[in-house]
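Residue-level structural notes
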Amino acid sequence: MAFFDYPGSGVPNPVETEITFLADLSEAEWARILKVVETRQFRAGENLIQSGDQDDAFYLLTSGEVDVLIGSEEDERIITTIAEGSVFGEIAFFDQEARTATIRARSRGSAVRITRENFETLAAWEPGIARRMLVELGRILAMRLRWTLSIAFN
Amino acid sequence: MSEFVEKPFPSYLEMPSRLPAWFWWAFRIATIGVMLVVAWLIATKPEIGFAVFWKVLIPSLPLLFALAPGIWRQICPMALANQLPRTFGFSQDWTLPVRFKNLAYFVSVLAFFFLVSLRHVYFNKEPAALLILIFGALGLALLGGLLFKGRSGWCGTFCPLAPIQKAYGHAPLFTVRNGYCPTCVGCQKNCYDFNPRAAFMSDLTDNDLWYAGHKKFFVAGLPGFAIAFFTADDPNQTGLAPYYLHLTGWIITTLGLYMAARIFIRVSDYAAAAVSAMAALVIFYWFTADGIVSTVAQMLGMTSPSWIKYPIVATIALVAVRVLVNGIRAEKDFLTFKAPSGEPRVRVQVDAVRAGGADATGDLVTDRASGRSFAADPGRTLLDGIESAGLTQDFGCRMGMCGADPIAIVEGMENLSPPNDDELATLRRLGLEGRARMACVCNAAAGPVTIDLEIDPNELPEPPPPADQVDLGEETGIQRVVIIGNGTSGMAAADEIRRMSTSCKIDVVARENHLFYNRMAVGRLLYGRTGLEDLYLMAPDWYEKHDITMWLNTQATAIDREACQVTLGTGETLPYDRLVLAMGSSAFVPPAEGADLPGCFVLREAADVQAIRAHRQEHGVERAVVLGGGVLGIEAADALRRVNLKTTIVHRSDSLMNRELDERGAAILRHFLEELGVDVVTGASVAAIKGNSRVEAIELTNGETLPAGIFVSCAGVSANTDLAGAAGLTVGRGVVVDAQMKTSDDKIFAVGDVAELPGEVRGLWGVGTSQAAVAAAAMFGKEIAYKAPSTLVSLKMDGIDVKGFGSLETEKGGEEIMDAVESDTLHRRIVIDNGQIKGAVFVGPPGSGKHITQAVQKQADVTGIVDRLRKGDWDALSEV
Ligand SMILES: Cc1cc2nc3c(=O)[nH]c(=O)nc-3n(C[C@H](O)[C@H](O)[C@H](O)COP(=O)(O)OP(=O)(O)OC[C@H]3O[C@@H](n4cnc5c(N)ncnc54)[C@H](O)[C@@H]3O)c2cc1C
Ligand code: SF4
Ligand code: FES
């Protein structure tokens, strides 16, 4: 919330805050994606992403809830909880740098995991879907960047 | 109040107007009236005028600012002057430049300190000076209103009273709606009239530290200024210099205290500023309370008691604490709401994804060590599941034959699909019969399973006790067996022979300096983190346990059939009663010019891959050419691609994998490779390999020249028959054997790639393993029939399923079934003759050929499902 978004000042609130990832894909198209990506099942307490790991996948949380933790092992803090239906991890998908947070399951659940290698495979089989996916990922990054800028320079 | 519950920081637009506009106008006019009366008093009866102005009116303002600053902002005469042009529409409405918006506060702070300091010099005693101050301020406010839009010409910017209002009124106990801005034009930064509760907090947390710093400077210096002001000696007697030294000294003192406290006490900028401001408020009344009360009392003709100051200051202190509590509570909300309404979220339509196949409700297969799980899916092997869960597991044939991927079943053995003959044979060879499973060929059909990827032999159930067996070696007098070659056929022979005789001495001569490893997976040594030890197929203690003598790094150089002994490269000789030839084959190298240049490689042994790796790193090679578009060549190209070598496959035939695939299948495969960046040239071969000291380019027979620093020949193999030929054994394309794997010498057997059993397929892993069993039995006089293993060929490449089997010819009968619609991404074709699958091609994304493998391996009768296959129901294959 901005405290000083003066009406009539003509500066729109620039931040879109919710995106539906690949909203227009049909079930059949999802099935084609799922052929070449990983689907992971997890139990409560399991780490999906380990801070410091070099893992270039992004995730679609198809069921369950996960916590985002930061800090060293002795001093972990939950910074937020991610609910079913969320998309996360796309930054490392692009830059392939080490993870900065740990993602730990709160409950039993499942996630779709898409690595760079998976994406290359998808692009080989389904260039159309892959292209759309890439644009969507770009849109997500852009939205997050705008949001970051909006807190940095609000 | 109701708004407040919903929104802790309402802007004035969201506040109710509790009092009508006419009331405020009346109030404003009354205030002007009072001001004019006071001004008249100052001019005519300065004694009374000064007392009213300096002792009563002005000292009441700080308390008003702390309680309800909005009231003052409604009725302030300067605000009225400032807003007249706007109200009557004759303002220039200029926009205050951003630089001034940022600087205005600082200017007003300096003006405040300076003007107040002049009280002792002029304003407290000289009527003219005070009147100039009052009317000058009104004039400037009016001028600001004439020029600048909104309240940016004075009220919120340059007015010297504004900083003090914000400081004392940073968390007002009562808010009053801004009555001057009919519409907000956004005229200033963090406008106090727009959002009184959030303005000061926003200022202090502004990202412009310079801007935020001005606020901190003011509140930190304010207590010192208050003390200094009231304790200063009369500058008219002491002179200005000591006076200002006194003032600035105190400002700097509390500024320093503030900064020191900030260093040692962990509080927010806001809390620190609020405490400092409230301290100034209390100090102010400590010095002024007496004056206010006595002046009022005097006017009413009374005297005030001397202790009156204390209850007043105590009350002010309570107000200050109340404001502090109010502010610090509000700060929590402020920080929560400051973030733009929540972090952006990205959602996916879970229902669609789940319907696409990502379901989480079924049973799980769990890896005990990592705790990771994947869905128990009867349509998917455990190996596929393990890989999909991001776990690493070595593999080779993916058909249950090589023994690369045994996994221990900790729980739920009964929930797995039953093993087939190939898998049972492999498990038997590994000594894991009934105790583990090959991940590549079993699936969790009926319920949850827990597995261990690393097998700890101590945790496995006891192996079944060996059946009381006659020692066939003792019985037949065969006491010394020499095996040449420690590939799969040689080691399978050693294992089978040891099963038949515990007394027989077994020597294995091996040219490579490695224990038996998974030759099919050597490509993985190029990329990834696989080390050679990961490819070993037998535990290191297997050799000792089975009493097998290994001669590693030792070449057999001659066979003396007369003397029944094998000569080794070391000069030693090994006598034998029976000899097994398992020398395998070597990669074919094209007889082209330059084929001996550094940079020319084959892909057969671990050492080949290590050499490619070293060459690439040493010379920074960027491009590679693979000769051969069969399974081996494509797998090699995939490995090279993964280490970022731009790779071209050169294939003699017109379509890839032409022995196994039809054109449609090959086209899909080619397209897939090209999408991954692997180029394919068909209908061509290598004419010459060019380069000065190492490979630099490959000249093709079609005239093209491809720059490349690495050349890998994957264009077929030839059996290592030299030794056998020199010993006078019958040799064709391999060492010719009969159905018992016996060569033209009764004492010598040949198995695996090196053997040629007329009419049978050669060059496959499973062939050597099966033949070894036949040879071992025959050696001890037992005849068993050779059962050719399934010859389904599958490409071991991530991201694509390619399966080829048998022959697609239908001339001599048989029915062909194919996907009706031609697709760029999926091709399934099968030939059925007499209820048997005679040939098949499956090419598509992962999973496309999942059922064909099982159906072929079972050699199942498919008569019952032909109808369904004709209708395109390929899943029917899983039910045979
Ligand atoms: C990269 C690759 C992938 C493959 N993929 C598959 C596949 O997917 N499916 C499949 O069925 N097959 C595959 N094969 C083929 C399979 O590996 C061979 O068929 C199998 O290894 C043959 O086993 P072998 O024991 O007969 O011979 P080899 O494995 O070749 O072993 C022979 C051994 O004998 C040694 N030797 C030779 N001469 C002498 C001597 N004079 N003295 C001492 N030692 C000697 C050699 O150094 C070698 O170590 C693949 C092969 C390669 C290279
Ligand atoms: S910013 Fe809006 S509310 Fe504040 S003074 Fe300007 S016009 Fe009025
Ligand atoms: S990969 Fe499973 S036995 Fe070869």
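If you're wondering where the values come from, they're calculated on a predicted model, not measured in any experiment.

This part covers the sheet that holds strand β22 (residues 710-713) of chain B. Strand pairing in a sheet is mediated by backbone hydrogen bonds. Such pairs are either parallel or antiparallel. Residues and elements named next belong to chain B. Taken in spatial order, the five strands make up an open sheet running β15-β22-β16-β17-β18, and their pairing is parallel. Pairing within the sheet leaves two strands with one partner each, and these edge strands are β15 (600-602) and β18 (679-682). Direction aside, the axes of adjacent strands within the sheet are offset by 20 degrees on average. Direction of pairing for strand β16 (residues 623-627) relative to strand β17 (residues 646-651): parallel, over a ladder of five bridges. When the sheet's bridge partners are listed, Val625 is paired in β17 with Thr648. Lying over the sheet, helix α22 (residues 631-642) contacts β16, β17 and β22, oriented at roughly 170 degrees with respect to β17.

What follows concerns the side chain of Asp367 of chain B. With respect to the secondary-structure elements, Asp367 of chain B resides in strand β2 (residues 364-367). For Asp367 of chain B, the contacting residues outside a window of four places in its chain are Arg372, Leu391, Ile451, Asp452 and Leu453 of chain B.

Frequently, the measure chosen for interface size is the accessible area that the parts lose on association. The interface of chain A with chain B comprises 55 residues on the first partner and 67 residues on the second. Interface area, chain A with chain B, both sides summed: about 5400 Å², of which 57% is carbon and sulfur. Among the salt bridges present, the one from Arg642 of chain B reaches Glu117 of chain A, with a minimum N-O distance of 3.8 Å. Counting every contact that joins chain A to chain B gives nine residue pairs in polar contact (both at pLDDT 80 or more). Only β1 (18-21), α1 (27-36), β2 (38-42), β4 (58-63), β6 (77-82), β9 (109-114), α3 (116-125) and α4 (127-152) of chain A provide two or more residues apiece to the side of chain A that touches chain B. Here the side of chain A that touches chain B gets seven residues from one element, more than from any other, and that element is α4 of chain A. Along the lines of polarity and charge, the residues of the side of chain A that touches chain B split into 26 nonpolar, 15 polar and 14 charged.

Residue and element names in this part refer to chain B. If you check which residues of helix α17 (residues 421-429) are buried, you get Asp422, Glu423, Thr426, Leu427 and Arg429. Down the axis, α17 shows its buried residues gathered within 160 degrees of arc, on one side only. Those residues of α17 that are buried are in contact with β5 (436-438), α19 (488-500), α20 (542-545), α25 (765-779) and α26 (850-858). Capping the start of α17 is the job of one residue whose side-chain oxygen sits 3.3 Å from the backbone nitrogen of Asp422: Asn420.

Residues and elements named next belong to chain B. As a matter of local geometry, ligand 1 sits amid 31 residues, with Ser489, Glu512, Arg519, Arg604 and Lys796 nearest to it. A distance of 2.6 Å separates an oxygen atom of ligand 1 from a polar atom in the side chain of Ser489. In the environment of ligand 1, an oxygen atom lies 2.6 Å from a nitrogen or oxygen atom belonging to the side chain of Lys796. In isolation ligand 1 offers 990 Å² of accessible surface; the protein chains occlude 93% of this area.

Below, the discussion takes up the pairing of strand β19 (residues 686-690) of chain B. Note on strand geometry: in a regular strand, side chains alternate between the two faces of the sheet. Residues and elements named next belong to chain B. The sheet contact formed by β19 and strand β20 (residues 697-700) spans four bridges and is antiparallel. Paired with Ile689 across the strands is Ile698, a residue of β20. The turn joining β19 and β20, which pair antiparallel and follow one another in sequence, is formed by six residues; a positive phi near 155 degrees is taken by Gly691.

What follows concerns the confidence of the model for chain B. All names here are of chain B. On average, residues of chain B carry a pLDDT of 91, and 97% of them reach 70 or more. In the predicted structure, residues 1-6 sits below a pLDDT of 50 and forms three contacts with residues beyond four places in sequence or in another chain. Model confidence for the complex: the whole-complex pTM is 0.72, and ipTM, which rates the interface, is 0.81.

Turning to the sheet that holds strand β8 (residues 102-105) of chain A, a few remarks are in order. Residues and elements named next belong to chain A. Strand order in this open sheet of four strands is β3-β8-β5-β6, and the pairing throughout is antiparallel. With one partner strand each, in any of the chains shown, β3 (47-49) and β6 form the two edges of the open sheet. Each neighbouring strand pair of the sheet contributes to a mean axis angle of 30 degrees, computed without reference to strand direction. The pairing of strand β5 (residues 66-70) with β6 spans five bridges and is antiparallel.

This brings us to the environment of Thr743 of chain B. Residues and elements named next belong to chain B. Tracing the sequence through the fold places Thr743 in the loop between β24 (735-736) and β25 (748-750). Along the sequence, Thr743 and Leu729 sit 14 residues apart, while their C-alpha atoms lie 7.0 Å from each other. With near-sequence residues (within four places) excluded, Thr743 lies in contact with Leu729, Val735, Val736, Val737, Ile748, Phe749 and Ala750. Reaching out from Thr743, the side chain makes a polar contact with the backbone oxygen of Ile748 at a distance of 2.8 Å.

Residues and elements named next belong to chain B. Per the domain assignment, the segments of chain B are domain 1 (9-338), domain 2 (361-459), domain 3 (475-586 + 719-779), domain 4 (589-715) and domain 5 (793-879). Using C-alpha coordinates to define each centre, domain 3 is positioned 30 Å away from domain 4. Facing the 15 residues of domain 3 at the interface are twelve residues of domain 4. Interface area for domain 3 against domain 4, summed over the two sides, is near 1300 Å², with a carbon-plus-sulfur share of 60%. Applying the counting criterion to the domain 3 and domain 4 interface returns two salt bridges. As a salt-bridge pair, Arg511 and Glu605 come within 3.9 Å of each other at their nearest N and O atoms. Seen at the junction of domain 3 and domain 4, the total is six residue pairs in polar contact (both at pLDDT 80 or more). In terms of residue class, the side of domain 3 that touches domain 4 is built from seven nonpolar, four polar and four charged.

This brings us to the side chain of Asp608 of chain B. All names here are of chain B. Along the chain, the position of Asp608 falls in helix α21 (residues 606-619). In this structure Asp608 is buried but unpaired, with Arg519 as the nearest side chain of opposite charge at 6.8 Å. Sequence-distant contacts of Asp608, defined by excluding residues within four places in its chain, comprise Phe601, Val602 and Leu603.

Bringing the packing of helix α10 (residues 209-231) of chain B against helix α13 (residues 269-299) of chain B into the picture now. Residue and element names in this part refer to chain B. Two numbers describe how α10 lies on α13: the axes approach to 8 Å, and their chain directions differ by 15 degrees. Taken together, the axes of α10 and α13 lie roughly parallel to each other. With respect to the hand of their crossing, α10 and α13 are arranged in left-handed fashion. Listed contacts from α13 to Lys216, Val219, Ala220, Leu222, Pro223, Ala226, Ile227, Phe230 and Thr231 of α10 are Asp269, Ala273, Ser276, Ala277, Ala280, Ile283, Phe284, Phe287 and Thr288. Considered class by class, the residues forming the contact of α10 with α13 number 13 nonpolar, three polar and two charged.

For the coordinates displayed, the defined rule picks out 50 salt bridges over all chains. One salt bridge in this structure joins Arg398 of chain B and Glu387 of chain B, with 2.9 Å as the shortest N-O distance. Of the two residues, Arg398 of chain B is situated in the loop between α16 (382-388) and β4 (406-411) and Glu387 of chain B in helix α16; the sequence distance between them amounts to eleven residues. Between Arg428 of chain B and Glu496 of chain B there is a salt bridge, and its shortest N-O distance comes to 3.6 Å. Of the two residues, Arg428 of chain B sits in helix α17 while Glu496 of chain B sits in helix α19, which places them 68 residues apart along the sequence. One continuous salt-bridge network, built from bridges that share partners, spans Glu117 of chain A together with Asp638, Arg641, Arg642 and Asp798 of chain B.

As a further point, take the packing of α1 of chain A against α4 of chain A. All names here are of chain A. One can describe the packing of α1 onto α4 by two numbers: an axis separation of 11 Å at closest approach and a directional angle of 90 degrees. Relative to α4, α1 is oriented roughly perpendicular. Contact residues: α1 offers Glu29, Arg32 and Ile33, while α4 offers Ile129, Arg132 and Met133. For the contact of α1 with α4, the per-class residue count stands at three nonpolar, no polar and three charged.

It is worth spelling out the packing of aromatic side chains at this point. Residue and element names in this part refer to chain B. As enumerated under the stated definition, the model contains 32 aromatic pairs over all chains in all. Measuring from ring centre to ring centre gives 5.3 Å for Phe23 and Trp24, while their planes differ by 75 degrees; the resulting arrangement is edge-to-face. Residue classification places Phe23 among the partly exposed positions, given a relative accessible area of 30%. You can call Trp24 buried: its relative accessible area is 9%. Measuring from ring centre to ring centre gives 4.7 Å for Phe113 and Phe225, while their planes differ by 50 degrees; the resulting arrangement is tilted.

Residues Ile48, Val296, Met299, Leu300 and Met302 of chain B make up a contiguous nonpolar surface patch of about 470 Å² in total accessible area. Mapped onto the elements, Met299 of chain B comes out in helix α13.

Looking now at the nonpolar core. Here is a general trend for soluble globular proteins: nonpolar side chains tend to be buried in one another's company. Residue and element names in this part refer to chain B. In terms of nonpolar packing, the biggest core is built from 112 residues, with Ile483, Ile497, Leu581, Ile837 and Leu877 touching the most fellow members. For this core, the leading source of residues is α25, giving nine residues. Beyond its immediate chain neighbours, meaning those up to four positions away, Leu877 contacts Ile830, Ile837, Phe842, His851, Ile852, Ala855, Ile865 and Leu869. Counting residues in hydrophobic clusters, the runner-up holds 90 residues, among them Tyr12, Ala66, Phe194 and Phe200.

It is worth spelling out α19 of chain B at this point. All names here are of chain B. Along its 13 residues, α19 runs 18 Å from first to last C-alpha, staying within 8% of the 18 Å computed at 1.5 Å per residue. The element α19 is largely enclosed, with a buried count of twelve among its 13 residues. Among the residues of α19, Thr488, Ser489, Gly490, Met491, Ala492, Ala493, Ala494, Asp495, Glu496, Ile497, Arg498 and Met500 are the ones counted as buried.

Reading the values: rules and limits
- Per chain, residues are indexed from 1 in the order of the written sequence.
- Numbering of ligands from 1 and lettering of chains from A proceed in the order in which they are written.
- Per-residue local features of the predicted model are confined to residues with pLDDT of at least 70, and side-chain atom pairs are confined, for both listing and counting, to 80 or more; whole-chain, interface and lining totals are unaffected and use all residues.
- Note that water and hydrogens are dropped before the side-chain values are worked out from all heavy atoms of the structure.
- We call two strands paired when DSSP finds no fewer than two bridges between them.
- Numbered from the N terminus, helices here are DSSP runs of H or I no shorter than four residues, and strands are runs of E no shorter than two.
- Only the contacting stretch of a helix is used when fitting its axis, a line to C-alpha atoms as for every element, and angles between N-to-C directions run 0 to 180 degrees.
- Any pair of residues with heavy atoms lying within 4.5 Å of one another is described as a contacting pair.
- Computed with a 1.4 Å rolling probe, the buried area is the accessible surface lost when two parts are put together, summed over both parts.
- Here, a salt bridge means any Lys or Arg side-chain nitrogen found within 4 Å of an Asp or Glu carboxyl oxygen.
- Counted as a polar contact is a pair of N or O atoms within 3.5 Å, where, for protein atoms, one must be capable of donating a hydrogen and the other of accepting one, and residues adjacent in sequence contribute only when both atoms are in side chains.
- By the convention adopted, Pro, Cys, Tyr, Trp, Phe, Met, Ile, Leu, Val and Ala count as nonpolar, Lys, Arg, Asp and Glu as charged, and the other residues, Gly among them, as polar.
- Each residue gets one of three labels from its accessible area relative to the maximum for its type: buried under 20%, exposed over 50%, partly exposed in between, using a 1.4 Å probe on protein chains only.
- Directions pointing from the helix axis toward each C-beta atom define the arc.
- Nearness of a residue to a molecule or strand requires only that one of the residue's heavy atoms be within 4 Å of it.
- Note that accessible areas follow from Shrake-Rupley with a 1.4 Å probe, and for residues the cover is restricted to the protein chains shown.
- Think of pLDDT as the predictor's per-residue confidence, scored from 0 to 100.
- Domain limits in this description derive from either an automatic procedure or a database domain assignment.
- The charge count includes Lys and Arg as positive and Asp and Glu as negative, but it does not include His or the ends of the chains.
- If an angle is under 35 degrees, it is roughly parallel; if it is over 145, roughly antiparallel; if it lies from 65 to 115, roughly perpendicular; otherwise it is oblique.
- By the definition used in this description, the sense in which the near helix is turned from the far one sets the handedness, with an anticlockwise turn below a right angle giving left-handed and a clockwise turn giving right-handed.
- The rule is short: rings of Phe, Tyr and Trp, with Trp giving its six-membered ring, pair when the centres are within 6.5 Å, and they are stacked under 30 degrees, edge-to-face over 60, tilted in between.
- Residues enter a patch when their relative accessible area is above 30% and they make no salt bridge; the linking distance is 9 Å between like charges and 5 Å between nonpolar side chains (Val, Leu, Ile, Met, Phe, Trp, Tyr).
- The definition of a nonpolar core used throughout is a set of buried Ala, Val, Leu, Ile, Met, Phe, Trp, Tyr and Cys residues joined through side-chain atoms within 4.5 Å.
- An expected span of 1.5 Å times one less than the residue number is assigned to each helix.

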